Amino acid sequence: MNNPFVQEIVKVVSRKTDLPPQQVEQLLEIPPDEKLGDYAFPCFSLAKKFKKAPDKIAAELASQIKTGNLFSEIKSVGGYINFFVDKVKLAELVLGQILKQDSNYGSDAIGKGKTIPIDYSSPNIAKPFGIGHLRSTVIGHSLKLLFEKLSYSVVGINHLGDWGTQFGKLVVAYKKWGKEILKQDSVTELYNLYTKFHEEAEKNPALEEEARLEFQKLEKGDKENRELWEKFRKISLDEFKRIYKILEIEFEAYAGESFYENMIEQTVQELQEKKLTQISQDALVVNLDQFNLPPCLIKKKDESTLYATRDITAAIYRYKTYNFYKNLYVVGNSQRLHFQQVFTVVKLMGYNWADNCIHVDFGWVKFEEEILSSRKGNIILLEDVLDKSINLAGQIIEEKNPELENKKGVAEEVGIGAVVFAYLARRRNKDFDFVWEEVLNFEGETGPYLQYTHARLCSLQKKYEKKIEDRADFSLLKGKEEISLIKILEDFPRTIQRALDGYEPAVLSNYLVRLASTFNTYYQNIKIITEEEEKTRAKMLLVKSAQVVLKEGLRLLGLKAPEQM
RNA sequence: GCCCCGUUAGCUCAACUGGAUAGAGCAUCGGACUUCGGAUCCGAGGGUUGGGGGUUCGACUCCCUCACGGGGUACCA
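Keep in mind the model is a prediction, meaning the values are calculated, not measured. (Residues numbered from 1 in each chain as written. Chains lettered and ligands numbered in written order. Predicted model: local features only at pLDDT ≥ 70, side-chain atom pairs only at ≥ 80, totals over all residues.)

J.: Outline the sheet that holds strand 1 (residues 39-42), supporting the account with residue identities and numerical values.
T.: Read from one edge of the open sheet, 3 strands run 1-3-2, paired in antiparallel fashion. Single-partner strands in this sheet number two, and they are strand 1 and strand 2 (71-77). Direction aside, neighbouring strands of the sheet carry axes that sit 15° apart on average. Here strand 2 runs beside strand 3 (residues 80-85); their pairing, made up of 6 bridges, is antiparallel. What sits directly across from Glu73, in strand 3, is Phe84. Strands in contact with helix 1 (residues 4-17) are strand 1 and strand 3; relative to strand 1, the strand with the most contacts, it is inclined by about 25°. (Pairing = 2+ DSSP bridges. Helix = DSSP H or I, 4+ residues; strand = E, 2+ residues; numbered from the N terminus. Axes fitted to C-alpha atoms, helices over the stretch in contact; angles between N-to-C directions. Contact = placed C-beta atoms within 7 Å.)

J.: Could you give an account of the packing of helix 18 (residues 480-490) against helix 21 (residues 533-557), naming the residues involved and the relevant values?
T.: Remark: helix 18 packs on helix 21, axes separated minimally by 11 Å, with the N-to-C direction vectors making an angle of 35°. Between helix 18 and helix 21 lies a crossing of left-handed hand. Residues Glu482, Leu485, Ile486 and Leu489 of helix 18 touch helix 21, and the partners they reach there are Leu542, Ser545, Ala546 and Val549. The class makeup of the residues in the contact of helix 18 with helix 21 is 6 nonpolar, 1 polar and 1 charged. (Left-handed = near helix turned anticlockwise from the far one by under 90°. Nonpolar A, V, L, I, M, F, W, Y, C, P; charged D, E, K, R; others polar.)

J.: Lay out helix 20 (residues 505-525) with the relevant residues and their values.
T.: For helix 20, with 21 residues, the first-to-last C-alpha span of 31 Å sits near the 30 Å given by 1.5 Å per residue. Among all positions of helix 20, only Pro505, Ala506, Leu508, Ser509, Tyr511, Leu512, Leu515, Ala516, Phe519 and Tyr522 are buried. For helix 20, the secondary structure elements touched by its buried residues are helix 6 (134-149), helix 15 (407-424), helix 17 (447-464), helix 18, helix 19 (492-501) and helix 21. (Expected span 1.5 Å × (residues − 1). Buried ≥ 20, exposed ≤ 12 C-beta atoms within 10 Å, placed from the backbone.)

J.: So what's going on with the protein's contact with RNA strand B? Residues and values would help.
T.: Surrounding RNA strand B, one finds 79 residues, the nearest of these being Ala40, Gly164, Lys300, Arg427 and Gly444. For the surface near RNA strand B, the leading source of residues is helix 17, giving 8 residues. Partitioned by chemical class, the residues of the surface near RNA strand B number 36 nonpolar, 23 polar and 20 charged. (Near = placed C-beta within 6 Å.)

J.: Explain the sheet that holds strand 10 (residues 357-360) to me, using residue names and the numbers behind them.
T.: Judged by pairing direction, the sheet is parallel, and its 4 strands sit side by side in the order 5-4-9-10 without closing on themselves. Since the sheet does not close on itself, it has two edges, and those belong to strand 5 (153-157) and strand 10, each with one partner. Across this sheet, the average inter-strand angle for adjacent strands is 20°, counted without regard to direction. Direction of pairing for strand 4 (residues 115-119) relative to strand 5: parallel, over a ladder of 5 bridges. Bridging across to strand 5, Asp119 finds its partner in Ile157. On top of the sheet, helix 12 (residues 307-322) reaches strand 4, strand 5, strand 9 (327-330) and strand 10; it is set at about 150° to strand 4, its chief contact.

Below, the structure is given as structure tokens:
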């Protein structure tokens, strides 16, 4: 990180303590309370090395380090050396950098030349796009934007569920009830066929066997089934693309499971040549006892392939095609074991890049304490949720800002923003309870709150009228909230890095709430545009910086930042 | 049975990866000057971080154990 304060501390402390610079940087932390300082170096781990009490070490080092021109004070408290940065220098540095770089602030070249495929969204054909699918979609999309921010070249892959036994089920259902149910070629009707199958199969289990046979036929190239499959696939894909357009999400590749169909046999052969497979209970499996995992099934007893086989094939294909740096799968945590098995098999095949394959898992989306089951027709359509949210946003605009231009467009940006942010505000590993009142809430820690703050920042700039200069007397920015705000802005690049380290957009969401709420407190307490020209000029620099960072942060989550709302 | 994940204020979540006094929002109640946007802000109440043990200078965070909830566990994905 090119932060001169950190660099200086690392340099000096590492010289005084003989610790490698990297370790010093890792130990360095930010105190919980600003009164304690801006950076702190804990000396506890040095106690053994120097055979002295930590607080004595801290006191000694603190007295030896000169403040120089970057720091205003360096003192020890307990076992910490606390550094107080020169606030004028800080403002000059942070605000100067943001104004110069604009939306590029926080970018980095670290990922240059490295490719990362991200497998996300990946809905199943013949099922409508429900609120359950949104989680993978928005997490994957945000990770994509974040990696691109650091110059990685990202390939968004929509690994459609367009192959497998479920198509056997659809074919059976179509042949039996297609004429009465499938009239307009819509996803809803396809879905009705699918649920009809499951209803009937409960009464008549023989249908399951029929479905297996139909899929087997499909896999072997049966013409009629092939045509049906293409029809089903097209209906669904058109529908999904419409939804993605609303969300403004695009994929570089729609390589679904069927895409790997022709390569699967080769994978099976390779596994056999490498003597990794065995026959067990009539099926072809890779035994994984030595890893304490259940065996990975490669082929069923009827010779047709399985999910795992396709994922192994897809991983190999992605490595050959993209020579990836990392290979991500944004898929629910119910598939943890599956990915463990797949990655382990790939590793057994001798591919060390298996270690760079990462399952970015996430918890269930539940509705009123119930897990949504698409098999039973228990599903809430994403489009209904978005419509409701957009309507609500429209109503609120009508109430509060009826003169607004482009009301419809703004209502969409805010309504969709509310839903997307609700999904990105919590860490991925937690189950997400879909509660209407919470998803459609526009107050407090929500998307519209961030957007509102952004609109407010824009409106200040409009009111100011004058051009915002990139220079000002930074010593005029020394109020408590001003300094907090500058420090939060300074933390933006680090936040991006932290979000990526954990594959966790929620880290950025939390950050943006902190930024917005700190600004709002400031705004409430201090009049920004006043008669004092010099001071106003300096404050407007801060306003502009906050606006730039907030907008960019929202963009990285996949939210729009309207200038008025 | 075995394996994974989770458990923090009434509810939904944070806590910079082992650091200093565990913080926000929602809901409830009370308030905001001489309004740059009240979708905002301020205040109040609310906690044995599921229970118990351990590791160490220090534990919401790591280890063991128990409880509760969820998921997975061979031909679905």
